[in-house]
Amino acid sequence: MNDDPQLRELLKESLSDVQVPLRFGADVWQRIQARSEAPAKHGWARLFEPLFALLMRPAFAAVALLLAAGGGVAVASMRATDANEQARTALAERHVATLDPYARLMAMR
Amino acid sequence: MKKPILVLLAVVAVATAAYFACYHFATRETRQMLGNADNMAWLRMEFGLTGEQAGAIAKLQADYEPRCMEMCDRIAKSGERLGMLLQKSTTMTPELEAAMREASQTQADCHAATLAQAFAISTHMAPEQAVRYRAMIAERIMPGTLRHDTAIHR
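A quick note: this is a predicted structure, and the numbers were derived from the prediction, not measured.

Participant: I tried to follow the overall build of chain A on my own but got confused; where do I start?
Facilitator: A count of helices and strands for chain A gives five helices and zero strands. Going residue by residue from the N terminus, the α and β elements of chain A occur as α-α-α-α-α. The buried share of chain A, reckoned over its 109 residues, is 12%.

Printed below as a string of C-alpha cells:
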C-alpha cells in the first residue's frame, strides 16, 4: 500500500491546528497495511459480528441476560410440569399398589 | 472480540442457572414424595387431608396390609396352578375349568377387597375429594368401568 498524496494533503488541512507526532502519517499507513494483510475472518465470526456488536451495547446485553433468564425459567416450568405430572401418576400407582394385590404383584415384578 | 464472547457466555450461564434453579424448585415437593417410602404425604397433598384424616387412613392401611399380602399369596398360588394345568392339558378338563374358575374368583375377591378398602378410606375424606378418590381407584383397578366424565387424576 502506497502513501496517497491526496489523502496526506487532506489530513494536513483538516488537522492544521493539531500538533501531530512526527511519524503520525507513517504510523497510520503502517496500521492500514497491517490490517489489510491480516487474515480474513472466519465465516462464523462474520456471521456473529452483528450479534457481537449488539452485545457490546450495555442496554442490549442487559436485555439479552433478562431474556436468557426468562427463557430458562419458561423451559424449566414446562419441563417441571411434565415431571410433576409423571411423578403424581407414579405416586398414584404406588398408592394403588398398597390396596390392590394385582397392582402390588405387578410393581414387584 | 473478547468482551462480546464474555457477554455471550454470561447469557448462556444465566439461562442455564435459571433453568436448573427453577426446575429444582418446581419439582422439589414431588421429588421429596417420590423419595419417601411412606405414600401418605402424597395422599395428604393430593386429597387435601387434615392430620386427623391422614392418621385415620394410615391406621386403616396398616390393618389392611396383612389381608393384601394374603390375597397376593392367593393370586400367586391360583396363577401357578392354572399355568401348570395349561401347560400339561391338551383338552379342556374339569380340573382346568375349576382352576380357571378359581383364578376368576380370586380376581373378583381381590377387586372387591380393594374397593372395600378404597370406600373405607374415602369415608375419611371431604365429600368431593372422596368422589375423586373412589373414581381414581376404580379407574385404575377396573379401567374403563366409569364412563361418565369425572375430574379424576390420571
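Back to the write-up after that little detour.
Participant: Help me understand the overall build of chain B in this model?
Facilitator: When you go through chain B residue by residue, the secondary structure sums to six helices and zero strands. Secondary structure elements in chain B, listed N-terminal to C-terminal, are α-α-α-α-α-α. For chain B, the proportion of contacts with a sequence separation of at least 24, taken over those separated by at least 6, is 44%.

Participant: Teacher, can you tell me more about the interface of chain B and chain A here?
Facilitator: Frequently, the measure chosen for interface size is the accessible area removed from exposure when the parts meet. Contact residues are listed per partner, giving 36 residues for chain B and 34 residues for chain A. Breaking the side of chain B that touches chain A down by element, the ones donating at least two residues are helix H1 (2–26), helix H2 (28–35), helix H3 (40–46), helix H4 (51–88), helix H5 (94–122) and helix H6 (127–141) of chain B. If one sorts the elements of the side of chain B that touches chain A by residue count, H1(B) sits on top with 14 residues. Of the residues belonging to the side of chain B that touches chain A, the class tally is 25 nonpolar, eight polar and three charged.

Participant: Explanation requested: the environment of A:Lys12 in the structure shown.
Facilitator: Residues and elements named next belong to chain A. Here Lys 12 lies in helix H1 (residues 5–14). Residue Lys 12 is classed as exposed on the basis of its C-beta count, with 11 C-beta atoms lying within 10 Å. In this structure, the C-alpha to C-alpha distance between Lys 12 and Gly 25, residues 13 residues apart in sequence, is 9.8 Å.

Participant: How should I be thinking about the confidence of the model for chain B in this particular structure?
Facilitator: Parts of the model with low pLDDT should not have their predicted coordinates read in detail. With 94% of its residues at a pLDDT of at least 70, chain B reaches an overall mean of 89. Across the interfaces of the predicted complex, the ipTM metric reaches 0.80, alongside a pTM of 0.68.

Participant: Which parts of the structure should I look at to understand the confidence of the model for chain A?
Facilitator: The predicted model of chain A averages 83 in pLDDT, with 90% of residues at 70 or higher. When the elements of chain A are averaged for pLDDT, helix H3 (residues 43–55) of chain A gives the smallest value, 76, and helix H4 (residues 58–99) of chain A the largest, 93.

Participant: It is not clear to me how the packing of H4(B) against H5(B) should be interpreted in this structure. Could you clarify?
Facilitator: Two numbers describe a pair of packed helices, the interaxial angle and the distance between the axes. Residue and element names in this part refer to chain B. At a minimum axis distance of 9 Å, the contact between H4 and H5 shows a crossing angle of 165 degrees. Classified by the interaxial angle, the pair formed by H4 and H5 is roughly antiparallel. Where H4 crosses over H5, the two elements pack in a sense that is left-handed. Between H4 and H5, the contacting residues are Ile 57, Leu 60, Tyr 64, Arg 67, Met 71, Arg 74, Ile 75, Ser 78, Gly 79, Arg 81, Leu 82 and Leu 85 on the first element and Glu 95, Leu 96, Ala 99, Met 100, Glu 102, Ala 103, Thr 106, Cys 110, Ala 113, Gln 117, Ala 120 and Ile 121 on the second. The residue makeup of the contact of H4 with H5, split by class, is 15 nonpolar, four polar and five charged.

Participant: Explain H4(A) here, please?
Facilitator: Every α-helical turn comprises 3.6 residues, leaving residues that sit three or four positions apart pointing alike. For H4(A), spanning 42 residues, the distance from its first C-alpha to its last is 61 Å, which sits close to the expected 62 Å at 1.5 Å a residue. Within the span of H4(A), buried status applies to A:Ala64, A:Ala68, A:Gly72, A:Ala76, A:Ala80, A:Leu91, A:Ala92, A:His95, A:Val96 and A:Leu99.

Participant: Looking at this model, I keep getting lost on the environment of B:Ile137. Mind explaining?
Facilitator: Positionally, B:Ile137 belongs in helix H6. A count of 23 C-beta atoms within 10 Å places B:Ile137 in the buried class. Residues B:Ile137 and B:Thr114 lie 23 residues apart in sequence; the distance between their C-alpha atoms is 8.6 Å. Sequence-distant contacts of B:Ile137, defined by excluding residues within four places in its chain, comprise A:Val96, A:Leu99 and B:Ala118.

Participant: Would you mind showing me how to read the packing of H5(B) against H6(B) here?
Facilitator: All names here are of chain B. At a minimum axis distance of 9 Å, the contact between H5 and H6 shows a crossing angle of 165 degrees. By the angle between their axes, H5 is roughly antiparallel relative to H6. Along this stretch, H5 crosses H6, giving a crossing that reads as right-handed. Contacts between H5 and H6 involve His 111, Thr 114, Ala 118, Phe 119, Ile 121 and Ser 122 on the former and, on the latter, Ala 130, Tyr 133, Arg 134, Ile 137 and Ile 141.

Participant: Would you mind going over the nonpolar core with me for this structure?
Facilitator: Grouped burial of nonpolar side chains is what soluble globular proteins tend to show. Among the nonpolar cores identified, the biggest contains 16 residues, and B:Leu43, B:Phe47, B:Leu49, B:Ala118, B:Tyr133 and B:Ile137 are the most heavily contacted of them. Counting residues per element, the ones that place at least two in this core are H4 of chain A together with H3, H5 and H6 of chain B. In terms of residues, this core owes the most to one element, H4(A), which gives four residues. Once you skip the residues sitting within four places of it in the chain, B:Phe47 turns out to touch B:Met125, B:Gln129 and B:Tyr133. One finds A:Ala68, A:Ala76, B:Val7 and B:Tyr19 within the second-largest nonpolar core, a separate group that totals nine residues.

Parameters and conventions
Residues numbered from 1 in each chain as written. Chains lettered and ligands numbered in written order. Predicted model: local features only at pLDDT ≥ 70, side-chain atom pairs only at ≥ 80, totals over all residues. Helix = DSSP H or I, 4+ residues; strand = E, 2+ residues; numbered from the N terminus. Buried ≥ 20, exposed ≤ 12 C-beta atoms within 10 Å, placed from the backbone. Contact = placed C-beta atoms within 7 Å. Nonpolar A, V, L, I, M, F, W, Y, C, P; charged D, E, K, R; others polar. pLDDT = per-residue confidence, 0-100. Axes fitted to C-alpha atoms, helices over the stretch in contact; angles between N-to-C directions. Parallel < 35°, antiparallel > 145°, perpendicular 65-115°, else oblique. Left-handed = near helix turned anticlockwise from the far one by under 90°. Expected span 1.5 Å × (residues − 1). Core = buried A, V, L, I, M, F, W, Y, C linked by C-beta atoms within 7 Å.

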